[in-house]
Amino acid sequence: MSDYAILPSEMQAREFDAKLLTACVLAERGCRSIVGARHEIHNRIARLPARIYLAKDVAPPSRRILDVIAAMGLHIAFLDEEALIFPSEAGYLSRRVDPQSVAKIARIYSWGPRSTELMRLLPNAETRPLVETGNPRIDLLRPELRAFHQRDVDSIRAAHGPFFLFNSNFGSVNPASEAKSRRPEVVRSQHPDIGARLERRRQIYRAFLDLLPSVCRAFPHHKLIIRPHPAEAPTAWAQVADKHANCEVVTSGQSIPWSLAAIATLHSGCSTGFEAFVMGKVPISYRGVATAKDDGLSPDFFSEILDRVDAVIDALKARCTGDAPRPTAAQTEALARYVTALDGPLAAERLAAELLDFPPPARALALAPKLKAEMRALEKRIRGRNPQHKASRQANAHRYPGVSPEGIARKLADLRTALGRFDAVRATHLGGQVFRIHPA
């Protein structure tokens, strides 16, 4: 038994449960893992014995920490949390790929065939293994994992009664960070094509601000739950909720139980709409005005796409009576391009098998990079005192509200109930939002 993998989560609601599932599979095979908040793990990376680090991106902001981790002798594997939904290959490569960061990667993993095609475009991708493991986030949508969410589903329904769910995804035009509030104007001036997409997102954002009050008025005996993306400012949505007694903004908890508990899900270009589709619910994508036919390259393709307020109201009424549309043949066929491991071995098992294949790390020259890691952590703590900084304490808490040791214990119990395994897996709290998952 050895300390093995570091599996950090940046967005708790998006990533943590999947990383915990992967850690449980590793522990079942005799290996220990570190899970928890990415920023806290980075701040103590020099003191965490491990063989491998699973990176969530190779974007320019990650260059420094990946340099440090590689210099410490750890192997770096890469599974991009945002390579499921992307507007274009060119846009992805220009915004999310730093060649110097890619150079530190030992192996590349992908969500499915479409993601694999994208990963092949990374600089020098042909020089390292590229494996289509799938993402354990999709495991959590599979029927055999539904019992894992049932405790939360029951709690949500008891608290809110019948409700519609709106998952907002407008961080590009309604950012939580003040430092990013100027980005749309900068991008528009430097990249006209991306600027046009941002302007389109702004139009849809405003259309939702007009739509939601109509939904509240049309369904006085139903609740409307608004869940802003962790990267998005909730202020505008709170202003809508303040004017309607049957509307509430919720920022806590995982997204999947909310989708399972809701009568219907509203979104526009949000991966949670895709998740709802995988779980057998066709969501509603609202665009506000008519647009070109979807090409199957966004979550909207897996939705009922509507452009008028009255059409949305009618669609919600139909779902209240159980008259929801069924997935089309084109949607079902496209799904296989997006994700691997919808059946058969879990993506967590496929990923764990890959991670177990790494050799022990070389640590002979680790002292200097460890000192650099500690210096970086000190700088981050100092900058975190500035509430305007993108890595401020407030911003980190927004992305990762935290889970208690008792919460981890409940999650492990729910995984055992759902899968009938992991009886010998335990969690040890290492402080803050960092946990070791290990065999008993």
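In this report, the structure presented in the accompanying data block is examined. The shown structure was predicted, so the numbers you read here are calculated from the model rather than taken from an experiment.

## Details of empty space enclosed by the protein
Across all of its chains, the model carries one cavity of 30 Å³ or more by this definition. Computed from the structure, the largest cavity encloses a volume of approximately 100 Å³. In this structure, the largest cavity is lined by 13 residues; those nearest its centre are A13, R14, L140, Q254 and I256.

## Some remarks on the side chain of N43
Along the chain, N43 falls in helix α2 (residues 38–43). Relative accessible area serves as the criterion here: at 15%, N43 is assigned to the buried category.

## What to know about the packing of aromatic side chains
Using the criterion set out here, one finds 16 aromatic pairs in the structure. When the ring of F86 is compared with that of Y92, the centres are 6.0 Å apart and the planes differ by 55 degrees; the resulting orientation is tilted. Owing to a relative accessible area of 4%, F86 belongs among the buried residues under this scheme. Connected via pairs of aromatic rings, a cluster forms that spans F166, F170, Y205, F208, W237 and Y286. A cation over a ring is seen here: R107 above F358, with NZ or CZ 4.0 Å from the ring centre. Its guanidinium or amino end placed over the ring of F86, R114 lies 3.9 Å from that ring's centre, counting from NZ or CZ.

## A closer look at the pattern of salt bridges
If you walk through the whole model with that rule in mind, you get 27 salt bridges. E10 serves as the salt-bridge partner of K56, at 3.1 Å between the closest nitrogen and oxygen. Note that K56 is positioned in the loop between β3 (52–55) and α3 (63–71) and E10 in the loop between β1 (2–9) and α1 (12–28), a separation of 46 residues in sequence. If you follow the salt bridges from partner to partner, you end up with E10, R14, E15, R38, K56, D57, D80, E82 and R96 in one network.

What counts, and where the lines are drawn
- Residues numbered from 1 in each chain as written.
- Predicted model: local features only at pLDDT ≥ 70, side-chain atom pairs only at ≥ 80, totals over all residues.
- Heavy atoms only, no water.
- 1 Å grid on protein atoms, 1.4 Å probe; cavity = no way out; pocket = protein on both sides within 12 Å on 5 of 7 lines; lining within 4 Å.
- Points joined across faces, edges and corners; volume = space filled by probe spheres on them.
- Helix = DSSP H or I, 4+ residues; strand = E, 2+ residues; numbered from the N terminus.
- Buried < 20%, exposed > 50% of the residue type's maximum accessible area, 1.4 Å probe, protein only.
- Phe/Tyr/Trp six-rings, centres within 6.5 Å; stacked < 30°, edge-to-face > 60°.
- Lys NZ or Arg CZ within 6 Å of the ring centre and 35° of its normal.
- Salt bridge = Lys/Arg side-chain N within 4 Å of Asp/Glu carboxyl O.

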